[in-house]
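A look at the structure
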Amino acid sequence: MATPSSASSTRPQLQYLRDALEDLKSRHLYFRLRILESEQKPIAVIDGKEVINLSSNNYLGLTTHPKLRRAAIDAIRKYGVGSGAVRSIVGTMKIHMELEEQIARFKGTEACVVFQSGFTANAGTVSAILGKEDLIISDELNHASIIDGCRLSKATIKVFKHKDVADCQRILEETKNWNGHKLLITDGVFSMDGDIAPLPALCDLAEKYNCIMMVDDAHSSGVLGRNGRGTVDHLGCHGRVDIQVGTLSKAIGSIGGYVCGSRDLIEFLYHRGRPFLFSTSHPPSVTATCQAAFELLDSDAGAKLVKRLWSNTKFFKRGLKRLGFDTGKSETPITPVMVGDAGKTFEFSRELFNEGLIALAIAYPTVPEGKARLRTIVTATHKRADLRRALEIFERVGKRLAII
Ligand SMILES: *Cc1c(COP(=O)(O)O)cnc(C)c1O
């Protein structure tokens, strides 16, 4: 098999990269990209093999929805394939504004700004609104894009234990005389464990200690709340969260990220959000796709998709538990299957794939060392027969590897 060491030549100044890759291999942390050869669907062809797909974030099956496809094609016919500029020059098309208004209405906020991705939405927002005199209080399992945004802001960062409201309060008490602005920030649903943030309690703290409150709802939009409005809706925190981030890349089925909040916040980001100012806006096809997605989501058909997502989630989670697997603290469609050892987890994933199922192994540095797991996500478009077959494969391989 061709490996990077036989396939490429290494110049001396890059030898350290080769060494790092060798180190990853020796620790079973090296991976090869898997190639999707079909559409992104519950049954997909990956590396030439047809498998049950339990690894996409395509919660509602919208990546291939006929209405979204049609919207994208129509937009290409009408507006071409690119926007040709950053938003603040001439790259703001009318449909960009319309999508933002649509999302703000959906979320029940004054305004919204769309970024190129959820990653740039988080990183661009946190780094824009805070500076080096400010303080960030952040859950230890927050997404990498939040962590990068915090670092870029140069603010002081204090991390509280995962979902630990008391620990968060301890930090806020210790810093209660802080002079600068304070931001309390959390994922709504945590992307590797599938658990939900204690949002009402965190909002209480944010109010008590005068913090800006920010939630990243990447994995909750389209999943939790009425028609998938997210954790703020699900947990009844309307009006208490200053900044709601979401992604257009997961349940919405396309690509992009958005920030919802007050008109002032959004106008400020128009002026200071660096990805907004310095990176080209979405092509019209992406924007039109997202418009069609929100229209669908906010209809009876959307509510039905969310309902099916949850009934599939419950069916699959119950099945895994009944077989004796440890599904961690998951409360959402993200269902980890805990293994622990990284090498064993990769072997589990490989064996499942050979039997016709893809569930990726997640290990350090994405999750802490010793907490390696498979990560599964079912979608609204998986059929019960797919999920039954998936559970059979899990049982067979899990027993063979003595995981259950
Ligand atoms: C996926 C994810 C993002 C990034 O969203 P993209 O649109 O894929 O860039 C941000 N935050 C969380 C919690 C995520 O899971």
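Use the structure listed above.
This text gives an overview of the structure that appears in the document.

How each quantity is defined
Residues numbered from 1 in each chain as written. Predicted model: local features only at pLDDT ≥ 70, side-chain atom pairs only at ≥ 80, totals over all residues. Heavy atoms only, no water. Disulfide = S-S within 2.5 Å. Helix = DSSP H or I, 4+ residues; strand = E, 2+ residues; numbered from the N terminus. Contact = heavy atoms within 4.5 Å. Buried < 20%, exposed > 50% of the residue type's maximum accessible area, 1.4 Å probe, protein only. Core = buried A, V, L, I, M, F, W, Y, C linked by side-chain atoms within 4.5 Å. Axes fitted to C-alpha atoms, helices over the stretch in contact; angles between N-to-C directions. Parallel < 35°, antiparallel > 145°, perpendicular 65-115°, else oblique. Nonpolar A, V, L, I, M, F, W, Y, C, P; charged D, E, K, R; others polar. Pairing = 2+ DSSP bridges.

Our next topic: the state of the cysteines. Under the defined criterion, the tally for this structure stands at zero disulfides. The closest cysteine sulfur to the non-disulfide-bonded cysteine 168 is located on cysteine 211, 7.4 Å from its own sulfur. Among the cysteines around cysteine 203, which has no disulfide bond, cysteine 237 carries the closest sulfur, lying 4.2 Å off.

Along the polypeptide, threonine 327 turns up in the loop between helix H13 (300–323) and strand E10 (334–340). Apart from the residues within four sequence positions on either side, threonine 327 is in contact with Leu320, Lys321, Thr335 and Pro336.

We now examine the environment of glycine 82. With respect to the helices, strands and loops of the structure, glycine 82 is situated in the loop between helix H3 (66–79) and helix H4 (94–107). Judged by its relative accessible area of 40%, glycine 82 falls in the partly exposed class. Measuring from C-alpha to C-alpha, the distance between glycine 82 and proline 283 comes to 4.4 Å, with 201 residues separating the pair along the chain. With sequence-adjacent residues up to four places away left out, glycine 82 is seen in contact with Met93, Pro283 and Pro284.

As a further point, take the nonpolar core. Counting 36 residues, the largest nonpolar core has Tyr59, Leu60, Ile103, Leu248, Tyr258 and Phe294 as the members making the most contacts within it. If you list the elements that add at least two residues to this core, you get H3, H4, strand E3 (111–115), strand E9 (257–261), helix H12 (284–297) and H13. With eight residues, H12 is the single largest residue contributor to this core. Not counting the four nearest positions on each side in its chain, leucine 60 is found in contact with Gly222, Ala251, Leu297, Leu305, Val306, Leu309, Ala380 and Thr381. Within the second largest apolar cluster, 26 residues are counted, among which are Leu320, Ala361, Ala363 and Leu401.

This next bit is on the packing of helix H5 (residues 118–129) against helix H10 (residues 263–272). Put simply, H5 and H10 touch, their axes get as near as 10 Å, and they point 95° apart. Of the possible angle classes, the one that applies to H5 and H10 is roughly perpendicular. On H10, the residues touching Gly124, Thr125, Ala128 and Ile129 of H5 are Leu265, Phe268, Leu269 and Arg272. Looking at the contact of H5 with H10 residue by residue, the classes come out as five nonpolar, two polar and one charged.

So, about the sheet that holds strand E13 (residues 372–377). The strand order across the open sheet formed by three strands is E10-E13-E12, and the pairing between neighbours is antiparallel. The outermost strands of the open sheet, each flanked by one partner alone, are E10 and strand E12 (360–362). On average, each strand axis in the sheet is inclined to that of its neighbour by 35°, with strand direction left out of account. Direction of pairing for E10 relative to E13: antiparallel, over a ladder of six bridges. The residue bridging glycine 340 from the neighbouring strand is alanine 372, located in E13.

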